[in-house]
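# Chains, contacts and geometry: an overview
Spelled out from the first residue to the last, the chains are:
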Amino acid sequence: MLVTRGLRGLVVLCLLAACARPARMSISEQEPAPAPPPISAWPGTLASAVRAANLGRYADADSILAKHARDHAGSAEGIEADYWRALYRLDPFNTAASPREALAALDTYINAGSSSARYEEARILRRVLESLDSSRTQLGVARAAAESRDRARDDEIRKLGDELEKTMAELDRIRRRLAQKPNE
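Residues numbered from 1 in each chain as written. Predicted model: local features only at pLDDT ≥ 70, side-chain atom pairs only at ≥ 80, totals over all residues. Heavy atoms only, no water.

## Overview of the overall build of the protein chain
Helix and strand counts for the protein chain stand at 6 helices and 0 strands. Along the chain direction, N to C, the helices and strands of the protein chain fall in the order α-α-α-α-α-α. When each of the 184 residues of the protein chain is scored for burial, the buried share is 20%. For the protein chain, long-range pairs separated by at least 24 residues make up 43% of all intrachain contacts whose partners lie at least 6 apart in sequence. For the protein chain, the accessible surface area stands at approximately 14300 Å², while carbon and sulfur atoms represent 59% of it. (Helix = DSSP H or I, 4+ residues; strand = E, 2+ residues; numbered from the N terminus. Buried < 20%, exposed > 50% of the residue type's maximum accessible area, 1.4 Å probe, protein only. Contact = heavy atoms within 4.5 Å. Areas by Shrake-Rupley, 256 points an atom, 1.4 Å probe, with all protein chains shown as cover.)

Given below as structure tokens:
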């Protein structure tokens with residue numbers, strides 16, 4: 001019976017200890033609350049670049065994105081800025097950019113690695129741009145060949161015209177000489 005009372009007392013004591021409120025820690029003993037994540041500048045930066053591009057100010061859009069890429073180099077947002085720079089260089093309305101510049105910007109984005117948000121899209125865009133650039137180069141070669149043929153044809157026509165004029169002049173001279181002989 002003595003053991004049972006002691007055991008019962010121990011159980012009650014454990015229950016009381018378990019139900020008791022823990023003492024409040026002072027502020028200095030508490031762990032600091034985690035700092036809220038910093039507010040990202042990327043949405044505002046992208047909005048400014050889009051606005052500039054929509055107004056046809058592609059150089060301004062590129063400048064905004066380039067600054068963000070420099071300021072956030074290596075971060076996902078900095079890499080994303082490189083992607084948008086490539087897109088604006090691909091835009092057909094951007095007459096100041098060349099396909100080579102767009103390829104270089106896509107390469108910068110792709111070289112950041114396959115963990116980039118739009119890595120596969122960038123690779124596809126690069127292949128499309130290479131194909132377009134190749135077609136554009138072939139078209140330029142074909143135009144140059146056609147212009148060369150046209151110049152050669154025009155030169156040949158001019159030479160034939162000159163020869164025809166000389167021949168006609170010679171025929172006129174012969175006709176005049178022949179016309180003078182019967183009267184003699």
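## Here's the deal with the nonpolar core
Within the largest apolar cluster, 24 residues are counted, with the highest numbers of intra-cluster contacts made by Trp42, Ala61, Leu65, Trp84, Tyr88 and Ala122. The set of elements that each furnish at least two residues to this core consists of α2 (42–54), α3 (58–71), α4 (76–90), α5 (99–111) and α6 (119–180). Leave out the neighbours within four places in its chain, and Trp84 touches Trp42, Leu46 and Leu65. (Core = buried A, V, L, I, M, F, W, Y, C linked by side-chain atoms within 4.5 Å.)

## Considerations on the packing of aromatic side chains
Counted by the stated rule, this structure contains 4 aromatic pairs. Ring geometry for Tyr83 against Tyr109: centres 5.0 Å apart, planes inclined by 55 degrees, an arrangement best described as tilted. You can see Tyr83 sitting in helix α4 and its partner Tyr109 sitting in helix α5, a full 26 residues away along the chain. Per residue, the accessibility class of Tyr83 equals that of Tyr109, and both read buried. (Phe/Tyr/Trp six-rings, centres within 6.5 Å; stacked < 30°, edge-to-face > 60°.)

## Looking at the packing of α3 against α4
Running from amino to carboxyl end, α3 crosses α4 at an angle of 160 degrees, the nearest separation of the two axes being 8 Å. Regarding the angle of α3 to α4, the classification is roughly antiparallel. Remark: the crossing between α3 and α4 carries left-handed chirality. Contact with α3, carried on its side by Tyr58, Ala61, Asp62, Leu65, Ala66, His68 and Ala69, involves Glu77, Gly78, Ala81, Asp82, Trp84, Arg85, Tyr88 and Arg89 of α4 and no other residues of that element. (Axes fitted to C-alpha atoms, helices over the stretch in contact; angles between N-to-C directions. Parallel < 35°, antiparallel > 145°, perpendicular 65-115°, else oblique. Left-handed = near helix turned anticlockwise from the far one by under 90°.)

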